[in-house]
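Coordinate inspection notes
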Amino acid sequence: MTTKSALITGVTGQDGAYLAQLLLSKGYRVVGLAPRRSATDTSLARLEWLGIDKDVELIDGDLTDLSSVIRAVQHAAPDEVYNLGAQSFVKTSWDQPLLTGQSTGIGAANVLEAIRIVKPEARFYQASTSEMYGLIQEPKQSESTPFYPRSPYAVAKLYAHWMTVNYRESFDMYACSGILFNHESPLRGLEFVTRKVTDGVARIKLGLEKELRLGNIDAKRDWGHARDYVKAMWLMLQQDEADDYVIATGRTTTVRDMCRIAFEAAELNMDEHLVIDPAFFRPAEVEILLGNADKAKAKLGWEAETSLEQMIEEMYQADYDRLAGQR
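Here goes a summary of the coordinates provided. Everything quoted here is computed from the prediction, not taken from an experiment. (Residues numbered from 1 in each chain as written. Predicted model: local features only at pLDDT ≥ 70, side-chain atom pairs only at ≥ 80, totals over all residues. Heavy atoms only, no water.)

**Regarding the overall build of the chain**
- Looking only at helices and strands, the chain features 11 helices and 13 strands.
- Taking 2.2 N^0.38 as the reference for a compact globule, 327 residues should give roughly 20 Å; the C-alpha atoms of the chain span a radius of gyration of 19 Å, in line with that estimate.
- On the principal axes, the C-alpha backbone points of the chain span a range of 60 × 45 × 40 Å.
- Scored against the burial criterion, the 327 residues of the chain give a buried share of 54%.
- Partitioning the contacts of the chain with sequence separation of at least 6, the portion at a separation of at least 24 is 82%. (Helix = DSSP H or I, 4+ residues; strand = E, 2+ residues; numbered from the N terminus. Rg over C-alpha atoms; globule rule 2.2 N^0.38 Å. Buried < 20%, exposed > 50% of the residue type's maximum accessible area, 1.4 Å probe, protein only. Contact = heavy atoms within 4.5 Å.)

Written as structure tokens, this is what we have:
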């Protein structure tokens, strides 16, 4: 049997690492595109944490440099391409809107164009996001819900999303988008609220900090585990026809209640340690997101396997163990 080859942009990120692990378990050759601006700035920490850093073939390249993306596609000769690379921190997108537009928006178009030039038969996955719904137009968001982005990040992602649709329809390419709602794990960056919470709670438990400072804790999100969500990415590229899918748990929870789960895991009283800091409020907030993943369940046979409670407890324990080991 011929070994399948996959090219993953953003392979050193949370989703890229879990996806690489999944594909390696299925016998794929996995090539990862990794931007490099100095000799030492490519972090393999997530791949190392999963024990797969030696199994992923890294190639230098940047989504904003079409020539390097073309070379990556030539080198990998991929059957499947997963575009997970982006400037993905929403808050930063207000401070760096043009960089976000280049890497998150134009970067996706560069990957599509590289595939069209080099290997048009390759199957393409675009990491779209629930942030595109923004100021929600329906109580529960599905593939047909109108978009109303509320951040430069979401606007850039929307451009990438529609370019994926356009290449599918214009060039008959197998190109699909997964509109993923919030998905977290112990590999999530510390700048994201779930990881900020679990790391902060672990620090309080260990006596390293006394308080956890957050912004709008009444915002509601639909949170799932990244390990579950990368399975949906792979399933999308195994179908007879390319399509777009919402991937979500169908359950929405406030940041406040998510915090409570983390503090309870540590056997701490949240009210004694949580501080609301206006400095962390966004210029334009997305108040509530709740996904309808019925299509993914019906066509892909996918549904979330990990509960929010299980995920937050896993994240807290991983942060506690990491910090305790550093003492």
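**Let's talk about the pairing of strand β1 (residues 5-9)**
- Of all five residues in β1, five are buried, a share of seventy percent or more.
- The side-chain alternation of β1 yields two buried faces, one formed by Ser-5, Leu-7 and Thr-9 and the other by Ala-6 and Ile-8.
- For the crossover from β1 across helix α1 (residues 14-25) to strand β2 (residues 29-34), the handedness is right-handed.
- Pairing of β1 with strand β4 (residues 80-83) involves four bridges; the strand directions are parallel. Bridge pairing in β4 links Ile-8 to Tyr-82. (Right-handed = clockwise from strand over helix to strand, strands pointing away. Pairing = 2+ DSSP bridges.)

**Things to note about the sheet that holds β2**
- If you trace the seven strands from one edge of the open sheet to the other, you get β3-β2-β1-β4-β5-β6-β11, paired in parallel fashion. For this open sheet the edge positions go to β3 (57-60) and β11 (245-247), each flanked by a neighbour on one side alone. Averaged over all pairs of adjacent strands, the angle between their axes in this sheet comes to 25°, without regard to strand direction.
- Contacts between helix α3 (residues 66-76) and the sheet are confined to β1, β2 and β3, with β2 contributing the most and set at about 165° to the helix.
- Relative to the sheet, helix α8 (residues 226-236) contacts β4, β5 (123-129), β6 (175-180) and β11, its axis offset from that of β6 by approximately 160°. (Axes fitted to C-alpha atoms, helices over the stretch in contact; angles between N-to-C directions.)

**So, the packing of aromatic side chains**
- A full pass over the atoms with the stated rule returns seven aromatic pairs.
- A ring pair is formed by Tyr-316 and Tyr-320, whose centres lie 6.0 Å apart and whose planes are at 45°; its orientation type is tilted. In this pair, Tyr-316 and Tyr-320 both sit in helix α11 (residues 308-325), four residues apart, roughly one turn of the helix.
- Using a relative accessible area of 5% as the deciding quantity, one classes Tyr-316 as buried.
- A network of ring pairs unites the aromatic residues Tyr-133, Phe-147, Trp-162 and Phe-181 as a single cluster.
- Sitting over the ring of Tyr-174, Arg-123 keeps its end group 3.9 Å from the ring centre. (Phe/Tyr/Trp six-rings, centres within 6.5 Å; stacked < 30°, edge-to-face > 60°. Lys NZ or Arg CZ within 6 Å of the ring centre and 35° of its normal.)

**Quick look at the nonpolar core**
- Counting 39 residues, the largest nonpolar core has Ile-8, Leu-19, Leu-23, Tyr-82, Tyr-125, Ile-247 and Trp-302 as the members making the most contacts within it.
- When contributions to this core are tallied by element, the ones reaching two or more residues are β1, α1, β5, β6, α8, β11 and α10 (294-300).
- In terms of residues, this core owes the most to one element, α8, which gives eight residues.
- Here Leu-23 is in contact with Ala-6, Ile-8, Tyr-28, Val-30, Tyr-82 and Trp-234, once residues within four sequence places are set aside.
- In terms of nonpolar packing, the next biggest core, distinct from the first, is built from 25 residues, Met-258, Ile-261, Ala-262 and Ile-312 among them. (Core = buried A, V, L, I, M, F, W, Y, C linked by side-chain atoms within 4.5 Å.)

**Re the pattern of salt bridges**
- Counted by the stated rule, this structure contains 21 salt bridges.
- The residue Arg-116 makes a salt bridge to Glu-113 at a minimum N-O spacing of 2.9 Å. Remark: Glu-113 and Arg-116 occur in helix α5 (residues 97-118); sequence separation between them is three residues, near one turn of the helix.
- For Arg-195, the salt bridge is made with Asp-319, and the minimal N-O distance between the two is 2.8 Å. Residue Arg-195 is found in helix α7 (residues 193-205), and its partner Asp-319 is found in helix α11; the two are separated by 124 residues along the sequence.
- You can call Asp-319 buried: its relative accessible area is 2%. (Salt bridge = Lys/Arg side-chain N within 4 Å of Asp/Glu carboxyl O.)

**Considering unusual backbone geometry**
- The residue Asp-172 is not glycine, and still its phi comes out positive at about 55°.
- With respect to the helices and strands, Asp-172 occurs in the loop between α6 (152-171) and β6.

**Regarding α3**
- Considered for burial, the residues of α3 that qualify are Ser-68, Val-69, Ile-70, Ala-72, Val-73 and Ala-76.
- Against the buried residues of α3 lie β1, β2, β3 and α5.
- Looking one or two residues past α3, Ala-77 carries a phi angle of roughly 40°, positive in sign.

**Remarks on the side chain of Asp-222**
- If you trace the backbone, Asp-222 turns up in the loop between β9 (220-221) and β10 (224-225).
- There is a polar contact of 3.0 Å between the side chain of Asp-222 and the backbone nitrogen of Gly-291.
- Residues within four places of Asp-222 in sequence aside, it is in contact with Phe-181, Asn-182, Tyr-229, Ala-248, Thr-249, Gly-250, Arg-251, Thr-252, Leu-289, Leu-290 and Gly-291. (Polar contact = N/O pair within 3.5 Å; in protein donor to acceptor, adjacent residues only side chain to side chain.)

**Topic: the side chain of Gln-126**
- Tracing the backbone shows Gln-126 in strand β5.
- With a relative accessible area of 1%, Gln-126 lands in the buried category.
- Within the local environment of Gln-126, its side chain forms a polar contact with the side chain of Asn-83, the two groups lying 2.8 Å apart.

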